[in-house]
Every structure is written in structure tokens, then in C-alpha cells.
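Structural overview for review
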Amino acid sequence: MMPGTERQELYRAVLMRAAALAIQYLEGLDTRPVNATATAKDLAGMLGLHLPETGCTPEEAIDVLARAGREGTVASSGPRWFGMVVGGTLPVAIAADWLTSAWDNNGRAYALGPLNAVAELLAAEWLVGLLNLPRGTSVGFTSGCTMAHFTALAAARYRLLSDRGWDVERHGLHAAPPVHVTVGAGRHVTIDLALRYLGFGTAAMTVVPEDEHGRLNPAELRHALRAHHGPKIVCAQAGNVNTGACDQLEQICDIASEADAWVHVDGAFGLWAAASPNLRHHLHGLEAADSWATDAHKWLNVPYDCGIVFVADSHAHQAAMTHTPAGYLSHDGSGPRDPSDWVPEFSRRARAIPLWATLRTLGRSGLADLLDHHCAMARLFATLLAAVPGIKVLNTVVLAQVLVRFDDSDDVTRRTVASVQASGTCWPATTTWHGQTAMRVSVASWATTESDVRRSAAAIRRAWREARRQAPGPHTIRRQRMNDDEAVFHPGSQYSGNGVNLALDTCGDAPKPTSDTIRSVRIGPLVKAVTYDETGRHQVWETDTSDTEGLPLLKVIENTAQIITVYLRDDTGAEDGRYSLTIESFAYGKVTTRSGNPAPAFIATMPKDGPPMTAAFSVRDEQSGQYAATGAIHFIWNPHTESVDVADTTSLPTNISCEPAPTSNATSNGFTLRLRSKHPTDWGFRD
């Protein structure tokens, strides 16, 4: 036994140490690698493989954990974690969670902790109002969406069978009327898990095809429901895990109502869109469903774990979950609400406390702003990546999910994601979409800023360039310099004679060659090539005479107008006119060139909300006749700043640097391209 004074000193010493280490960890989230850097073997060594005979001090144990946490955790609470819809954590939610642990009340019953029971009841009422669900909807707080599905579908099972005279809670499913469950092909696996746990089994499912966005097809649903008689459940979705697309809930609920079917909505993250005036139109008809499931530890940014189930039929909900009390417990149905009457767990954490603190801090408008911000950052992600040829955004960004594919190649896409994950800059996930590998970006942290998105997009593009260099297959183009003004392009030798052809779309000012398999072309400032095989187009390549990686990187600036000016200035002290700037092609918009002092320049203009555009340029040394630099600049309209941005698509050639244009120039909203070397040593084509 420990005297009270010693006990208080122990609390203070160990908790203050833990708080200091936790704050240190949180303050380092912006700068630490997003991925874990320790292996399982490393972590086992840190934690100790064998239980010692004699223990250590509490402070020593906390220090060991903190060290392991620095290297063995992923920065999912940070601003650049974009994997698997894992939300960040608001500071107030962390603080409330600390208090919850200090109180250590069992969240099961009012008698075991009145504060949790009351906070849960208030949070439940707030959430029903925020999400515009029917009055009287009952709420339970589970470990996550899997158990929220379990709870909702248990309520559906009770209601559907009870209406047919079968007491499933007493007699089970043996000899019960069969329940037919209809789901979409794009459902989450947790729906299947809940059906298995409840005894329905996955064989009871009828799978309805999804559309191109991943939404359940209403016409196919009607057909599927007409094929079955007896009790029916329809599982719809608010937020496809890959695309973010929401099922057409109004149509689905109308069709289900015709068949007297129970509609359950999986809204693990997408259900929160109902709390935003700018997003709730995606969930039109949501209130007509019978039950809903979501996770607060995703978009709401509370700590793990906190799932939530909503059931319109509160009697069915409670009947499916209420326990028969042990003799030492009193439960006559009167008195305050007991949280365990609405969820499967008996002993449980008081997880409503951090949720209450988060809702109380954000309020209605703050929650809407949080959701809108995540979606805006997802749209920016899509804009920055889609501006680069070879990178394709596969989905319409409706919520906070961005689905991306690189070079239309499973291999390049996998390599790209693995490379960017290993870099530690950000952590997107891989997924499979319509049979193809894709990268999935999920923006779900309150800490993510526009700067984080731009930094992450740049890291993804760097990883993609590295991946495409390593990738085998028809994406390989070998380039051989022949002399100062001619080069030969041909597909990689391992594919020669195997149905792989090469076409040159742009050859500078030289005529296009006519051969289908080997292209000899006079060196121009920019060559755009496309490889084909017998199945069609595989890869677009853009290269130039100075940079083997292709296009130059330009730092992003924000303009207050729809005009970008790019300046070129000799940085070597040479006389004016030494270098000339030429616009070789311009894919969209309007571009003009300017010569004279202080520097040659080109000015690009694009309409507001216009699609991305690309300007190919060359810089020529008039004394030597050589090209000092060539490349292409990608412009995008930034809806957040209401201005034109330059997309930082790739790295600059070694002889070029870029900085904002000096204010002494015609406009301060441009870039200065500085030539570091008057005579680059290698400007030819090469592997």
C-alpha cells in the first residue's frame, strides 16, 4: 500500500512526464517522417523480448514507449497522412481523452459514471439534429463502423422477423423466415463482416452492380428486390471508399419502400456531409432510410475509437441490444439512460466524452467548415495532379477522396505509391478500382493545409518520375544522340519487333518522320512521343535537349489576376540579347512573347475556372546556337486563391533556377528563370 502523499507524487511525476513526451510528439508531426521507420524486430528490441524479474520505474517505462513511438508509429494525426480515411485528432479531443482515462469510469451504465451517460445522451441528440435525421432516432456509440453495422442490422433483423411473428432474440435464426440482403458491388467489407456475425452469412447477399462512380444502380436494385419474397434489407452507401460518391439515396429508399425493405446506410465517413450546407445535397433522401452507421474517428477527428449507430426505430434498436441483467445489477427500464442498452459492448470506454468536447468546441458552423476544408484540399490535390500529362484522376471529387492512376499502368502506380510512402513526405494508399491499381488520397485531418497538399503533390510527382524510369514494358523509350542536330528514338530493345511502335507528336520545327518503328528526328526544343502496342496507347513522353527528366519545376506563386508572366534573365553578366525565348506550342489559352530589357518573357493568360494548360518553350544561346534550356510550364486555375498558379510538375534542368520576378519588372507576379551556365555540358538525348 502507498500513502496518499506518495501516491499523489507518483501521479504527478509519471503523468507530467507522459504529457511532456506526448506534446513533444504532437509538435513534431509536421517535420517527422509520416511513415514508421522502425521494423518489427527493432520495436521488439526496444520494448524488450523477455519480461524482467524486477520491474522498472513508471517514468522509465514511459520513456521506452515514447522512444518506440517516435519510430514505430505513423503520423496519422499529422497533416500529410492520406491513407485509408484515418482522421486526424483535434487537440481538444486529445485533452478530453486524457481526462477520460484519468476518470476511468466504465461507460456501460449511468450508475458507473453519470457524466458519460449524460454526455452521450447530449451528443446523441446533437448528432441527430446535425445530420437531419428523423426525430426520435436512437443512437449508440460503438468501437467503430463494423459494430455500428452489426447493431443496425441486428435491429433490422429484430424488426423484420418480429413483424412476421418470429422472436429472433429467443429462438435464433434456425427455422426463421429467410432474410434477403441486397448490397452494392462497391460496398465496404465491414458490411459483409456484420452479416456474417449476425448469422445471415454472405450467401444471403444479392450483389447489385455499381455505376462508373461506384454507386449502387437503382434500376438493378428494383430488379433484385422483385426477385425475392419475404423480409428484405438493402445496404446503401454514403461515400464510396474510393471515389467518395454517394448512392442515390432518395431513389433507393423509394424502391425499398415499395418492397417493404429495411434500408441501412453505410456512412463511415460520408454521412458527415449531411452536417455541411455545401455538401448535404450529395445525401438527398438520407432521412428516409431506417438506420445509419458512421465513424467519428474519421472525419470528425476524435481519437480512436468511436463509431456511431443511428436507428429510426428506437424500439427495435433497444430490443436487439438490451441485455438480461445479472442478479447483482438493477435494470427495470426506469431511470436514466444506460449506454449499454444501445450497443453490443458491456464493459466499454466512455468514448462519448471526447466526442462531446469536439462538438461543443466546433459548433455547427465549425464542423461544416472542417468538412468543407477537407473537400477543398481534395479538389486542390486533384487539380495539381491532373495538370501533369501521364497522371490521371479517375474520379469526380465530390467529397474528400481522390483516385489517381499513373501512366495507365498497374506497375508504375504501385511503384509510385510505394516510393512516396517510403519517402516519408506523405502517405497515400493503394487500392483497386474497376480491376486496376490506383492511388487513393483521403483528406481527413484538421491539420492539413494548402502548403501540405502542394508539398505532397510534388512528392507524388517525384515518386512517379522515379517509378516510370524503373518500370519495364512498352513505357521504355531509348534515346541515342547521333550528332549535334539529329537523334534516334526507338522502343526499348526488349520490346523491339514485338508489336511496339513509337509516334512523335511534336518535333520542334522539324518535319515529322514517317517510320513506324524507328524515328529519326532533327533536334528541336521539345519532342513529344507516344508509345503504342497492339492494344492501343500506353504512354505519353515529353523530353527535351537539356533535361533527361523532362519538364522544369517552377515554384508556385499566387496572382491576383488571370495572367502569369515568365521572365528570362541572363545571370552571367552577358550583354542583353544573348539569350532568346521562344514559345513552341501552347495547348490552351493565350500566350504572347516579349523581348528587350530587362529580359525576354512570355505572358500566359487563361480564363477563370479554365482547364489546365501547357506552354512549351525554348531558350537559345544566340552566340553558340545551342539550346540552353527547353521544357514546358503547366498552368492551372486555383479556385481557392482566385488566380492562376504554375504547377510545379518536375525538376528544373541543372542550368536553370527559378524565383519570383523582381518588382522592377513589368509585373511582380512572374518568375525569373536564371541561367547558371552559358554552355551546358550535356544537352543531347540520352538514356
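Below: a short report on this structure.

Note on soluble globular proteins: their nonpolar side chains tend to be buried together. Among the nonpolar cores identified, the biggest contains 85 residues, and Trp299, Phe310, Leu355 and Phe381 are the most heavily contacted of them. Among the elements that line this core, the one with the most residues is helix H12 (residues 352-386), at 13 residues. Phe381 has contacts with Phe82, Val402, Val441, Val443, Val453, Ser456, Ala457 and Ile460, leaving out every residue within four places of it along the chain. Grouped together as the second largest cluster of nonpolar side chains are 32 residues, Leu153, Ala154, Ile191 and Ala194 included.

Moving on: helix H3 (residues 58-72). Compared with the 21 Å implied by 1.5 Å per residue over 15 residues, the 20 Å span of H3 between its first and last C-alpha is a close match. Inspection of H3 places Ala66, Ala68 and Gly69 among the buried residues, and these make up the whole buried set. On its buried side, H3 packs onto helix H1 (4-27) and helix H2 (40-47).

This part is about the sheet that holds strand E5 (residues 262-266). The 7 strands are arranged E1-E7-E6-E5-E4-E2-E3 in an open sheet whose pairing can be described as mixed. What marks the edges here is a single partner per strand, and that holds for strand E1 (138-142) and strand E3 (205-208). Neighbouring strand axes in the sheet, compared pairwise and without regard to direction, differ in orientation by 20° on average. Pairing of strand E6 (residues 291-295) with strand E7 (residues 307-311), which is carried by 5 bridges, proceeds in the antiparallel orientation. Bridging from a neighbouring strand, Asp295 pairs with Gly307 of E7. The strands touched by helix H6 (residues 145-162) are E1, strand E4 (232-237), E5, E6 and E7; relative to E5, the strand with the most contacts, the crossing angle is about 175°.

One can describe the packing of H2 onto H3 by two numbers: an axis separation of 9 Å at closest approach and a directional angle of 170°. The angle between H2 and H3 places the two elements in the roughly antiparallel class. Touching Leu43, Met46 and Leu47 of H2 are Val64, Leu65, Arg67, Ala68, Glu71 and Gly72, all from H3. Taken together, the residues of the contact of H2 with H3 sort by class into 6 nonpolar, 1 polar and 2 charged.

A separate point is unusual backbone geometry. If a residue is not glycine, its phi is most likely negative; likewise, a peptide bond is most likely trans. Note that the residue after Tyr304, namely Asp305, is joined by a cis bond; omega there is 0°. Tracing the backbone shows Asp305 in the loop between E6 and E7. Positive phi values are uncommon outside glycine, yet Asn132 reaches one of about 60°. Topologically, Asn132 is positioned in the loop between helix H5 (114-130) and E1. By relative accessible area, Asn132 is classed as partly exposed at 42%.

Moving on, we get to the sheet that holds strand E8 (residues 391-393). As summarised here, the arrangement of the 4 strands in space is E8-E9-E11-E10, forming an open sheet in which the pairing is antiparallel. Two strands bound the open sheet, and with one partner strand each, they are E8 and strand E10 (429-433). Strand-to-strand twist in this sheet, taken as the mean axis angle between neighbours without regard to direction, amounts to 40°.

Bringing the packing of aromatic side chains into the picture now. Per the counting criterion, the structure on display carries 4 aromatic pairs. The interplanar angle of 10° and the centroid separation of 4.6 Å between the aromatic rings of Trp81 and Trp427 together place this pair among those described as stacked. Highlighted residues: Trp81 in the loop between H3 and helix H4 (91-103) and Trp427 in the loop between helix H13 (410-423) and E10, separated in sequence by 346 residues. There is no split in this pair, since Trp81 and Trp427 are both buried. Taking 6.2 Å as the distance between ring centres and 85° as the angle between the ring planes, the aromatic pair formed by Phe269 and Trp299 counts as edge-to-face. Of the two residues, Phe269 is situated in the loop between E5 and E6 and Trp299 in the loop between E6 and E7; the sequence distance between them amounts to 30 residues. Judged by its relative accessible area of 3%, Phe269 falls in the buried class.

Closest axis-to-axis distance for the H5/H12 pair is 9 Å, and the angle between their directions is 30°. Overall, the two elements H5 and H12 adopt an arrangement that is roughly parallel. Where H5 crosses over H12, the handedness of that crossing is left-handed. Of the residues in H12, those in contact with Leu115, Asn116, Ala119, Glu120, Ala123, Trp126, Leu127, Gly129 and Leu130 of H5 are Ala352, Ile353, Leu355, Trp356, Leu359, Arg360, Arg364 and Leu367. Looking at the contact of H5 with H12 residue by residue, the class counts come to 12 nonpolar, 2 polar and 3 charged.

Criteria and cut-off values
- Residues numbered from 1 in each chain as written.
- Predicted model: local features only at pLDDT ≥ 70, side-chain atom pairs only at ≥ 80, totals over all residues.
- Heavy atoms only, no water.
- Core = buried A, V, L, I, M, F, W, Y, C linked by side-chain atoms within 4.5 Å.
- Buried < 20%, exposed > 50% of the residue type's maximum accessible area, 1.4 Å probe, protein only.
- Helix = DSSP H or I, 4+ residues; strand = E, 2+ residues; numbered from the N terminus.
- Contact = heavy atoms within 4.5 Å.
- Expected span 1.5 Å × (residues − 1).
- Pairing = 2+ DSSP bridges.
- Axes fitted to C-alpha atoms, helices over the stretch in contact; angles between N-to-C directions.
- Parallel < 35°, antiparallel > 145°, perpendicular 65-115°, else oblique.
- Nonpolar A, V, L, I, M, F, W, Y, C, P; charged D, E, K, R; others polar.
- Phe/Tyr/Trp six-rings, centres within 6.5 Å; stacked < 30°, edge-to-face > 60°.
- Left-handed = near helix turned anticlockwise from the far one by under 90°.

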